[in-house]
Number of protein chains: 2
Amino acid sequence: MAAAAPSWVDLTLQSLRGEGFRNGGARRAVVDLLGRQECCLTAQEMFDRLRDEGNPVGIASIYRVLELLSEKGFVQRIEVGSGVARYEPAHHAGEHHHHHLVCDRCGKVEAFADEELEAAIHNVEGRTGYRVAGHDVVLRGACGDCR
Amino acid sequence: MAAAAPSWVDLTLQSLRGEGFRNGGARRAVVDLLGRQECCLTAQEMFDRLRDEGNPVGIASIYRVLELLSEKGFVQRIEVGSGVARYEPAHHAGEHHHHHLVCDRCGKVEAFADEELEAAIHNVEGRTGYRVAGHDVVLRGACGDCR
DNA sequence: CCCTAAATGGTAGCGGCTCTCATCTGGCGA
DNA sequence: TCGCCAGATGAGAGCCGCTACCATTTAGGG
């Protein structure tokens, strides 16, 4: 990856543009917000965050944008057990690829990454008969504060 | 498994009995149904199935039973991305331990198991700072029928 | 057999998400 | 640069999974 590697935000917007999608304010706002995020956000969190930033976006638009991004593989949709979906940028190159630790008690979500785990998953994928598009690993338990 | 090993159904009901819980018809029906299942079910599927079998159980009772079983570790709650929770018996001994393949297109859920993957996850667990109670792995993609 | 607390089930309510539709606008053609 | 219009947006109604509530039933010890 050269020095001029485009950011995830730019890459995403440009790719969509290239597929004939227009570049409205709502989509740009959501993509930009996701690009500034280090871990996953819920749709409601995005709604609140954008409103606080003085750039309100309809909740319907947020879901619409997330659906498109998810379908195109730019974001990863994650469900960690509370019945609420979370979303985060999908970094294909493995660069920021990670999984999640969820506290059963307080609901906190943290990230972790592990090479060995990725390798094991990759090995499994080939044997499934599926064309595997992605994977999630969620570890559940009590976090340091709650145990 | 020795000949006298109690089934998951018996073990579950007996354990709850031992903790002072009574043994009502709804709980017995749900545990029995889960015990006959090879993979995960949604609450609604259980409701319909029990009704069809002539043993109707209130949807509220089903959720209550599942919450108790889940809390006590007898069932595993799984979310595979459609916003609906699924439940299946938890086989602690690793015996029937498995994870899930979900078809993005048709929603089909299948099971798979892999030793190497389990080992990798186990290694990660120790480094998290969490007291890890369980884990889920979900592979998403297109199944043989849909690809 | 009785009594009481646990269990049950119908239903209202809540919240996340989706659908619908009227309005707005990015960006291309003229 | 201007006008057009398909794609994009947002408000709100509606849907559905799930939970809360409460009146009724029942398991099972005494």
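Residues numbered from 1 in each chain as written. Chains lettered and ligands numbered in written order. Predicted model: local features only at pLDDT ≥ 70, side-chain atom pairs only at ≥ 80, totals over all residues. Heavy atoms only, no water.

Peer 1: What am I meant to see in the sheet that holds strand β4 (residues 99-103) of chain A here?
Peer 2: The pairing of strands in a sheet comes from backbone hydrogen bonds and takes either a parallel or an antiparallel form. One open sheet accounts for 6 strands, arranged β5(A)-β4(A)-β6(A)-β6(B)-β4(B)-β5(B); its pairing is mixed. Since the sheet does not close on itself, it has two edges, and those belong to β5 (109-112) of chain A together with β5 (109-112) of chain B, each with one partner. Strand-to-strand twist in this sheet, taken as the mean axis angle between neighbours without regard to direction, amounts to 30°. As defined by bridge partners, strand β4 (residues 99-103) of chain B adjoins β5 of chain B across 4 bridges and the pair is classed as antiparallel. (Pairing = 2+ DSSP bridges. Helix = DSSP H or I, 4+ residues; strand = E, 2+ residues; numbered from the N terminus. Axes fitted to C-alpha atoms, helices over the stretch in contact; angles between N-to-C directions.)

Peer 1: What's the story with helix α1 (residues 8-18) of chain B in this structure? I'm lost.
Peer 2: Three or four residues apart is the spacing at which side chains of an α-helix point the same way, because the helix has 3.6 residues per turn. All names here are of chain B. Along α1, the residues that are buried comprise Trp 8, Val 9, Thr 12, Leu 13 and Leu 16. Considered in projection along α1, the buried side chains sweep an arc of 125° and stay on one side of the axis. The exposed residues of α1 that point more than 90 degrees off its buried face are Gln 14 and Gly 18. Of the residues one or two after α1, Gly 20 is the one with positive phi, at around 95°. (Buried < 20%, exposed > 50% of the residue type's maximum accessible area, 1.4 Å probe, protein only. Arc of directions from axis to C-beta.)

Peer 1: I keep staring at the interface of chain B and chain A and nothing clicks. Help me out?
Peer 2: When the parts come together, some accessible area is lost, and that loss is often what is quoted as the size of the interface. Taken together, the contacts link 40 residues of chain B with 40 residues of chain A. Taking both partners together, chain B and chain A bury about 3,200 Å²; carbon and sulfur atoms supply 52% of that area. In this structure, the connection of chain B to chain A is made through 4 salt bridges. Between Asp 114 of chain B and Arg 127 of chain A there is a salt bridge, with the nearest N and O atoms lying 2.5 Å from each other. At the boundary of chain B with chain A, the tally comes to 17 residue pairs in polar contact (both at pLDDT 80 or more). When residues of the side of chain B that touches chain A are assigned to their parent elements, the largest contribution, 12 residues, is made by strand β6 (residues 131-142) of chain B. Counted by class, the side of chain B that touches chain A contains 16 nonpolar, 11 polar and 13 charged residues. Sheet topology places strand β6 (residues 131-142) of chain A next to β6 of chain B; 11 bridges connect them, and they run antiparallel. Paired with Asp 136 of chain A across the strands is Val 138 of chain B, a residue of β6 of chain B. (Contact = heavy atoms within 4.5 Å. Buried area = accessible area lost by both parts, 1.4 Å probe. Salt bridge = Lys/Arg side-chain N within 4 Å of Asp/Glu carboxyl O. Polar contact = N/O pair within 3.5 Å; in protein donor to acceptor, adjacent residues only side chain to side chain. Nonpolar A, V, L, I, M, F, W, Y, C, P; charged D, E, K, R; others polar.)

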